[in-house]
Protein chains: 2
Amino acid sequence: MADGPTINTIAERAGVSIASVSRVLNGLPTRQDTVRKVMAAADELGYVRNAVARSLKSRRTHQVAFAMADVGNPAYLAMLREIQPVLKAAGYRLVLHSTDAVVADEIDVLHSLGERYVDGLIMSPLRVTEAHLEMLAAARAPVVIIGSVPEGTRVDNVRADSRTGVKLAIDHLHELGRRRIGMINGPLDTVPGAARGAAYREALGDLGLPYDEDLVQIGDFYRAEGARAVGELLARVPDVDALMCANDLIALGALDVLRAAGRRVPDDVAVVGMDDTDLAAASWPSLTSVSLGSAERGKAAAELLLDRLQGGDREPRVVTVPPRLVIRASTRQEEGSPA
Amino acid sequence: MADGPTINTIAERAGVSIASVSRVLNGLPTRQDTVRKVMAAADELGYVRNAVARSLKSRRTHQVAFAMADVGNPAYLAMLREIQPVLKAAGYRLVLHSTDAVVADEIDVLHSLGERYVDGLIMSPLRVTEAHLEMLAAARAPVVIIGSVPEGTRVDNVRADSRTGVKLAIDHLHELGRRRIGMINGPLDTVPGAARGAAYREALGDLGLPYDEDLVQIGDFYRAEGARAVGELLARVPDVDALMCANDLIALGALDVLRAAGRRVPDDVAVVGMDDTDLAAASWPSLTSVSLGSAERGKAAAELLLDRLQGGDREPRVVTVPPRLVIRASTRQEEGSPA
DNA sequence: TTGTAGGCGTTATCAG
DNA sequence: CTGATAACGCCTACAA
């Protein structure tokens, strides 16, 4: 692993100046003879450009960071899957951060933008605090936020419409004749938790259904927590006939508990998840889920960022990705699990 | 987004030399008074070290690359989940590559090591060609391979033991009384495909069961492909009573087809997957699966690389992670799906 | 303790 | 068309 060759090494070997070497390597007009000599020397030495030196000079790293809340969450992974190829095609590398939804870590990432190791950042925060907004305003490189930010924040951002999403699901359940529709939510101090909770209430109102606190149970966005929450809800409201779950993991937990309790899905209780992750299609009964367009949001964010990196100083843009209800067996009577 | 301050800016402001600024910033012995002045200036200016300049000088980027075959495959994502925190804890950033199992892309990644934008690389190739080995031998930075490499290759590497893994599964099926055990495999020119196919044959031999070509069907490592393969196998060998699938996605495809065909799992046909991904636990019936320790392998690889980055030139090490059979409903008679 | 100066590998300017 | 030479921002002898 000897020290690699530099343009100096090549220059010596080819008997030309480093300036000529650089020119050849960058395809600038040069005499054919020189080109040949330089190329030959470079080949023999197995020369590869030093990206760091190049970045220092050019002030571009051709790297972009993606800070996700949780490497383990399939919804973020869906974003990652879309972001990766878009960046790759544009010649950017992807630096991955997992902040575990810890505010301090997110702030850290924002702060580290000043180190200039990336040209831009895509971030998907679970909560958006004052500190976030301050750092965003002072950011030293373009940032795209996946998620909602307060009105007036001057940042490119891509948002889901979980309000409409929840409404789609509740309407669907209503059409199936369900009237005792429970909601299993995550923490209300998260952006999605708050939005989905409010949307549930609103959707019921639109249908003329009463809002019953007993039908709402707060847990966390994980399977085990979801299962626990559903257990409590079932004990309290045995006649619940549908469950709106704030994400797919919670919904899987719901399926576990319902199965154990001998309730048929969807015959006795219909279940809807959210995010339409791979797990929704894998489960049995397969899970009806509201797609919030994780993939599309990832893609849009990447494109927005690339635009900004190439383009320049236009106004911040907001892209909203519409939700879509993906109906599967957990609400489709004819094909549900027979148990 | 004005140009950020540098040590020069600070030096001017504090009325000292850039050398002093650098010293203070790096905690080298300095007069208290100077320290105060520098810190004050740095604070006011909102100074952040330029990582690129620093790397150029220090020849370390504090970045490590992970090249996975496929961002969409849960087995690699499991590795990613373990690798990320290990690197983060050690102060390294993670640069993510997805090669889509294309050899040229993998070679590209290996080649780009010469650009020195990372201090090391973890790579998980699906196939290992001559070109890989050449590049590995010439690599300009430490590399850890997740997967098997030919005997004698001088590279740190972490391998699974799919041979034993398959044996565990076949033995399990045998104990359950299954005798017509089919195998649904991926392409035989991939490392895992070849290994698992051979292991299947060997495991049958150990049990004194005949190897029947009709019981083997090759497809690809995806759900739809797996389903197709299982369909063909079922048509050819209707009395098959167990399926050993080369990964979980294939196994999910198998469940789809068996369900559609009205075969009960596991009563009529037991199904075993491989990799023990999240999907295995999510499906219904939940999927018995051979864990090849994706998580452990990822962790081990990260640790091996960090060791090498800090340590130095010891002999290449090989870590083998033992497989583990995770028994779930798809082979556990009492709890299978009733259909 | 501090400042000056050189160098990390490239790119780019400006004379020749 | 080519070759010195000066940056890019930081670190670190070496000298004061």
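Residues numbered from 1 in each chain as written. Chains lettered and ligands numbered in written order. Predicted model: local features only at pLDDT ≥ 70, side-chain atom pairs only at ≥ 80, totals over all residues. Heavy atoms only, no water.

As annotated in an unreviewed UniProt entry, chain A carries the name LacI family transcriptional regulator and comes from Nonomuraea turkmeniaca.

Participant: Sorry, what's going on with helix α6 (residues 103-112) of chain A here?
Facilitator: Along an α-helix, a turn takes 3.6 residues, which lines up residues three or four apart on a common side. Among all positions in α6 of chain A, only Glu106, Ile107, Val109, Leu110 and Ser112 of chain A are buried. The inward-facing, buried residues of α6 of chain A contact β1 (63-68), β2 (93-98), β3 (120-123) and α7 (130-138) of chain A. (Buried < 20%, exposed > 50% of the residue type's maximum accessible area, 1.4 Å probe, protein only. Helix = DSSP H or I, 4+ residues; strand = E, 2+ residues; numbered from the N terminus. Contact = heavy atoms within 4.5 Å.)

Participant: Mind showing me how you'd approach the relation of the copies chain A and chain B here?
Facilitator: In this arrangement, two copies of a chain are superimposed by a rotation about an axis accompanied by a shift along the axis. Relative to chain B, chain A is turned by 180° and slid 0.1 Å along the rotation axis, the superposed coordinates differing by an RMSD of 0.1 Å. In symmetry terms, the pair is related by a two-fold rotation axis. A symmetric contact is evident, with 96% of the interface residues of chain A recurring at the interface of chain B. (Least-squares fit on C-alpha atoms with pLDDT ≥ 70 in both.)

Participant: Just checking my understanding: could you explain unusual backbone geometry for this structure?
Facilitator: Only a minority of non-glycine residues have a phi that is not negative, and only a minority of peptide bonds are not trans. Residues Val265 of chain A and Pro266 of chain A are joined by a peptide bond in cis, for which omega reads 5°. Looking at where Pro266 of chain A falls in the secondary structure, it is placed in the loop between α11 (248-260) and β9 (270-274). Cis geometry marks the peptide bond from Trp284 of chain B to Pro285 of chain B; its omega dihedral reads -5°. Mapped onto the elements of the fold, Pro285 of chain B is located in the loop between α12 (278-282) and β10 (288-291). Even without being a glycine, His62 of chain A presents a positive backbone phi close to 55°. With respect to the element layout, His62 of chain A can be found in the loop between α4 (51-58) and β1.

Participant: What should I look at first to understand the protein's contact with DNA strand C in this one?
Facilitator: Around DNA strand C, 24 residues are found, and the nearest of them are Ile7 and Tyr47 of chain A together with Ser20, Arg23 and Thr34 of chain B. A share of 58% of the atoms of DNA strand C within 4 Å of the protein falls on sugar and phosphate groups. Between DNA strand C and the protein, one listed contact pairs a phosphate oxygen with a side-chain N or O atom of Tyr47 of chain A at 2.4 Å. Ser17 of chain B is positioned with one of its side-chain polar atoms (N or O) 2.9 Å from a phosphate oxygen of DNA strand C. Considering only residue class, the surface near DNA strand C consists of eight nonpolar, eight polar and eight charged. (Near = heavy atom within 4 Å. Polar contact = N/O pair within 3.5 Å; in protein donor to acceptor, adjacent residues only side chain to side chain. Nonpolar A, V, L, I, M, F, W, Y, C, P; charged D, E, K, R; others polar.)

Participant: What am I meant to see in the packing of aromatic side chains here?
Facilitator: Aromatic rings considered in pairs are described by the distance between their centres and by the relative angle of their planes. Residues and elements named next belong to chain A. A complete count under the given rule lists two aromatic pairs over all chains for this structure. Between the aromatic rings of Tyr200 and Tyr211, the centroid separation amounts to 6.0 Å while the plane-to-plane angle is 65°, which identifies the pairing as edge-to-face. With Tyr200 in helix α9 (residues 191-206) and Tyr211 in the loop between α9 and β7 (216-218), the pair connects residues that are 11 residues apart, well separated along the chain. By relative accessible area, Tyr200 is classed as buried at 1%. Owing to a relative accessible area of 31%, Tyr211 belongs among the partly exposed residues under this scheme. (Phe/Tyr/Trp six-rings, centres within 6.5 Å; stacked < 30°, edge-to-face > 60°.)

Participant: Got a minute to help me understand the pattern of salt bridges in this structure?
Facilitator: Once their charged atoms are close, side chains differing in charge can pair, the charge on each being opposite to the other. Under the criterion given, the structure shown has 46 salt bridges over all chains. Here Asp239 of chain B ties to Arg180 of chain B by a salt bridge, and the two come within 3.2 Å at their closest N and O atoms. In this pair, Asp239 of chain B is assigned in the loop between α10 (223-236) and β8 (242-245) and Arg180 of chain B in the loop between α8 (162-175) and β6 (181-185), connecting sequence segments 59 residues apart. Taking relative accessible area as the criterion, Asp239 of chain B reaches 46% and is therefore assigned partly exposed. When salt bridges that share partners are traced, they join Lys167, Asp171 and Asp206 of chain A into one network. (Salt bridge = Lys/Arg side-chain N within 4 Å of Asp/Glu carboxyl O.)

Participant: Please clarify how the environment of Gly46 of chain A should be interpreted in this entry.
Facilitator: Among the secondary structure elements, Gly46 of chain A is positioned in the loop between α3 (32-45) and α4. C-alpha of Gly46 of chain A to C-alpha of Val319 of chain A: the two residues are 273 residues apart in sequence and 45 Å apart in space. Those residues in contact with Gly46 of chain A that lie beyond four places of it in its chain are Pro5 of chain A together with Arg140 of chain B.

Participant: Teacher, can you tell me more about the protein's contact with DNA strand D here?
Facilitator: Neighbouring DNA strand D are 25 residues, the closest being Arg23, Thr34 and Arg59 of chain A together with Ile7 and Tyr47 of chain B. The sugar-phosphate portion of DNA strand D accounts for 62% of its atoms within 4 Å of the protein, the bases making up the rest. Ser22 of chain B places a polar side-chain atom, nitrogen or oxygen, 3.3 Å from a phosphate oxygen of DNA strand D. Where the surface near DNA strand D is concerned, the elements lending two or more residues are α2 (18-25) and α4 of chain A together with α2 (18-25) and α4 (51-58) of chain B. Tallied by class, the residues present in the surface near DNA strand D amount to nine nonpolar, eight polar and eight charged.

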